Every structure is written in structure tokens, then in C-alpha cells.
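Breakdown of the fold
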Amino acid sequence: MSAVVRRLGAGDRAAWQPLWEAYLEFYGAPQVAAGSDDVFSRLVAGADRMVGFVAEQDGRIVGFTHAMLHASTWHAGPACYLEDLFVAPDARGGGVGRALIDAVTDWARKAGAPGVHWITQTENAAARRLYDALAELQPFVRYERPTG
């Protein structure tokens, strides 16, 4: 069954929240849920050049993606970072993830971004199979240094 992908709306909060919490749990970051009100409102408002999309099947939201445009020194115009992508376990393998990435790619194209980039954990094999089919793996290693 195909999914219908659309922009995240203010009325989607109740369906988005449990998926968001499952996503944070998957990545071992449940404490981030404390800022969910702020995240949701910025996504719906398009603040900070952010966007949210949801995928629906049979009227049920089964996945989401969040992305943002940002400046780049590597090319003119904005770059697009796909920060979050999650599909409910019972909806995986049916094209929902692909449809969500396609929505972000279309949004980025319309905004003038030359492409979309994202990261995932190396052991996230299921997601990486999809990513390998849609994009080119880059030879970069990500580092992070806390500011506090």
C-alpha cells in the first residue's frame, strides 16, 4: 500500500508525538523529548528554514521526516539537511521511507538546493539499504565536540 506524504500540520501533534518518541528512543536520546513542544511548533511554522513531512496510510500517520535549509560555503544557494526520518515498524519495507525522502528532495529542489544530505548510524542496516539505493555514500567521518 502506498503512502500519502504531506506537510506536517498543527493537527498532527497527537499522531506525531509517539513516532517522535520512538525515534528518539531508537537513537538513545529520549531526553530530547522534553523539547518536543518547541520542535513541533518550529516544524509546523517553518521556522529556522525547517520543514516536516508525514506519511499516511489508511488515514494513519506512519512516518515522518524533518529537514532544514542552511547556508553552504561549497555552492551558491542553500543546502538541505535531512535531520530526522522515522517509519513505524509495522509500515517499514513498503516505500514509506522512500516517499518521505522524495518529498524532502522535491522541497529542496524547489528551494534551490543542489541536493539533500543526511547521516545515520553505521549499524542501522535496514535504513542504509534504502539510503544506498537512493543516494551516494560519502567518504566522510562525523565528529562532535560538546560546548559545555
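Preceding this paragraph is the structure being described.
Here's a quick rundown of the structure. Source: prediction; values computed, not measured.

Most of strand β4 (residues 79-87) sits out of view: 8 of its 9 residues are buried. As judged from the 2 bridges shared by β4 and strand β5 (residues 116-117), these two strands associate in the parallel manner. Counterpart to Tyr81 in the pairing with β5 is His117. Regarding topology, helix α3 (residues 96-111) serves as the crossover connection from β4 to the parallel β5, and that connection is right-handed.

So, on to the environment of Leu134. By the secondary structure assignment, Leu134 is in helix α4 (residues 125-134). Setting aside its immediate chain neighbours within four residues, Leu134 contacts Arg98 and Ile101.

With that settled, the discussion passes to the packing of aromatic side chains. Counted according to the given criterion, the structure contains 11 aromatic pairs. With a centroid separation of 5.9 Å and an interplanar angle of 25°, the aromatic rings of Trp20 and Tyr23 are classed as stacked. Remark: Tyr23 and Trp20 occur in helix α1 (residues 13-26); sequence separation between them is 3 residues, near one turn of the helix. Under the relative-accessibility criterion, Trp20 is labelled buried at 4%. Accessibility expressed as a relative area gives 8% for Tyr23, which makes it buried.

So, on to the pairing of strand β2 (residues 50-57). Among the 8 residues of β2, 7 are classified as buried, and the element is accordingly described as predominantly covered. In terms of strand pairing, strand β1 (residues 4-7) meets β2 through 4 bridges, oriented antiparallel. In the sheet register, Val4 faces β2, and the bridge partner there is Glu56. Here β2 pairs with strand β3 (residues 60-70) via 8 bridges, running antiparallel. Bridge pairing in β3 places Gln57 opposite Arg60. Hairpin remark: β2 followed by β3, antiparallel, with 2 residues in the connecting loop; positive phi at Asp58, about 50°.

Scanning the model with the defined rule gives 9 salt bridges in all. The closest approach of N and O atoms between Arg6 and Asp12, which form a salt bridge, is 2.8 Å. Arg6 sits in the partly exposed class, given a relative accessible area of 28%. We note a salt bridge from Asp37 to Arg13, for which the minimum N-O separation is 2.9 Å. Of this pair, Asp37 sits in helix α2 (residues 36-45) while Arg13 is found in helix α1, placing the two residues 24 residues apart along the sequence. Within this structure, Arg6, Asp12 and Glu56 form a network of salt bridges that share partners.

The 5 strands lie next to each other as β1-β2-β3-β4-β5, forming an open sheet whose pairing is mixed. Looking along the sheet, the strands with just one partner apiece sit at the ends: β1 and β5.

This part takes up α2. Every buried residue of α2 is listed here: Ser36, Val39, Phe40 and Leu43. Around the axis of α2, the buried residues are gathered within 95° of arc, so they sit on the same side. Exposed side of α2, more than 90 degrees from the buried face: Asp37 and Ala45 are the residues found there. Against the buried residues of α2 lie α1, β2 and β3.

Conventions adopted
Residues numbered from 1 in each chain as written. Predicted model: local features only at pLDDT ≥ 70, side-chain atom pairs only at ≥ 80, totals over all residues. Heavy atoms only, no water. Buried < 20%, exposed > 50% of the residue type's maximum accessible area, 1.4 Å probe, protein only. Helix = DSSP H or I, 4+ residues; strand = E, 2+ residues; numbered from the N terminus. Pairing = 2+ DSSP bridges. Right-handed = clockwise from strand over helix to strand, strands pointing away. Contact = heavy atoms within 4.5 Å. Phe/Tyr/Trp six-rings, centres within 6.5 Å; stacked < 30°, edge-to-face > 60°. Salt bridge = Lys/Arg side-chain N within 4 Å of Asp/Glu carboxyl O. Arc of directions from axis to C-beta.

Any functional reading would require information that these geometric values do not contain.
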